[in-house]
Amino acid sequence: MLHVLYLIGVAAFAASGVLAAYRANMDPFGGLVLAFAASISGGTLRDTILNRQPVWTHDWVLLTLIICVGVGTMIYLRFWQLPHKSLLVVDAVGLSVVTVIGARAAIEAHVTPVAVIILAVLTGVAGEVIRDVLCGEFPPLLLREDVYAIAALAGACCYLALDHVGVGATPAAAVSAGVVFALRMGAVYLGVHLPRPQQLGGRKSPGDG
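Rules of the game
Residues numbered from 1 in each chain as written. Predicted model: local features only at pLDDT ≥ 70, side-chain atom pairs only at ≥ 80, totals over all residues. Heavy atoms only, no water. Salt bridge = Lys/Arg side-chain N within 4 Å of Asp/Glu carboxyl O. Buried < 20%, exposed > 50% of the residue type's maximum accessible area, 1.4 Å probe, protein only. Helix = DSSP H or I, 4+ residues; strand = E, 2+ residues; numbered from the N terminus. Polar contact = N/O pair within 3.5 Å; in protein donor to acceptor, adjacent residues only side chain to side chain. Contact = heavy atoms within 4.5 Å. Core = buried A, V, L, I, M, F, W, Y, C linked by side-chain atoms within 4.5 Å. 1 Å grid on protein atoms, 1.4 Å probe; cavity = no way out; pocket = protein on both sides within 12 Å on 5 of 7 lines; lining within 4 Å. Points joined across faces, edges and corners; volume = space filled by probe spheres on them. Nonpolar A, V, L, I, M, F, W, Y, C, P; charged D, E, K, R; others polar.

Undergrad: It is not clear to me how the pattern of salt bridges should be interpreted in this structure. Could you clarify?
TA: Under the criterion given, the structure shown has six salt bridges. In this structure, Asp 47 engages Arg 52 in a salt bridge whose closest nitrogen and oxygen atoms are separated by 2.9 Å. Taking relative accessible area as the criterion, Asp 47 reaches 0% and is therefore assigned buried. The class of Arg 52 is partly exposed, set by a relative accessible area of 35%. A single salt-bridge network, built from bridges that share partners, covers Arg 46, Asp 47 and Arg 52.

Undergrad: I tried to follow the side chain of Thr 123 on my own but got confused; where do I start?
TA: Its location among the elements puts Thr 123 in helix α5 (residues 113–134). Within the local environment of Thr 123, its side chain forms a polar contact with the backbone oxygen of Leu 119, the two atoms lying 2.6 Å apart. Contacts of Thr 123, omitting those with residues within four sequence positions, involve Gly 42, Gly 43, Arg 46, Val 98 and Gly 102.

Undergrad: Looking at this structure, how should I read the nonpolar core?
TA: Nonpolar side chains in soluble globular proteins tend to end up buried together. Residues Phe 13, Ile 66, Leu 95, Val 116, Val 125 and Tyr 159 are the most contacted members of the largest nonpolar core, which totals 52 residues. Put simply, the parts of the chain that give this core at least two residues each are α1 (2–23), α2 (28–49), α3 (60–79), α4 (86–108), α5, α6 (149–164) and α7 (169–190). By residue number, the principal contributor to this core is α1, which donates twelve residues. Ignoring sequence-local partners within four residues, the contact set of Tyr 159 consists of Val 100, Ala 103, Arg 104, Ile 107, Ala 169, Ala 172, Ala 173 and Ser 176.

Undergrad: Honestly, empty space enclosed by the protein in this entry has me stumped. Any pointers?
TA: A probe matching the size of a water molecule, rolled over the atoms, marks out where space remains unfilled. A complete count under the given rule lists one cavity of 30 Å³ or more for this structure. Lining of the largest cavity is provided by Tyr 6, Ile 40, Gly 43, Thr 44, Asp 47, Val 55, Trp 56 and Leu 62. In terms of residue count, the dominant contributor to the lining of the largest cavity is α2 (four residues). Its residues placed into classes, the lining of the largest cavity shows five nonpolar, two polar and one charged.

Undergrad: Where do I start with unusual backbone geometry in this structure?
TA: Across the chain, the bulk of peptide bonds are trans and the bulk of non-glycine residues have phi less than zero. With a phi close to 60°, Asn 51 is a non-glycine residue in the positive phi region. With respect to the helices and strands, Asn 51 occurs in the loop between α2 and α3. In this structure, His 110 is a non-glycine residue whose phi angle is positive, near 60°. Among the structural elements, His 110 can be located in the loop between α4 and α5. Residue classification places His 110 among the exposed positions, given a relative accessible area of 72%.

These values are about where atoms sit, not about what they do.
Okay, here's the thing in structure tokens:
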């Protein structure tokens, strides 16, 4: 079941890569590049830190899924208009699932609880950062005021807590992914943003009267 959830997250990130490429006016090759970058970067970074071979290097199903989702998304965009906020929705799905899968992988590697949280967040957000950089969008979404990494952090902590009290891997993943998705989409639709450093200090920026 966890592998199925992982495939769902990868597919969502692959679609988000193509949608981002579409908005950046890239060609189909650029769309496929972003599909792969968005979907495998987080897991590759996590596995590299854990000193093990990345999953995608020996999983042909995963690579086939990315290609099929990427091409399918391009075909959809060829004939139909891009739905409003579609990139944000599919990106939130990918973030939700991939974050908790990252937490599971870290727990199975027997790292410390803090490392589990860090690796889970990195797994969730790395693909988005690389996707945005390749699109020329700077700073990436992660480094702006949007509730993104915070949502992943909350989901990672939730999964770690549920695992600690003995909740099964699948229900823990479902609940934690739901937490990430709810926080991310709630912030999007309610317009919630994190405060900037100058707002935290209550100081006026240079040039203010």
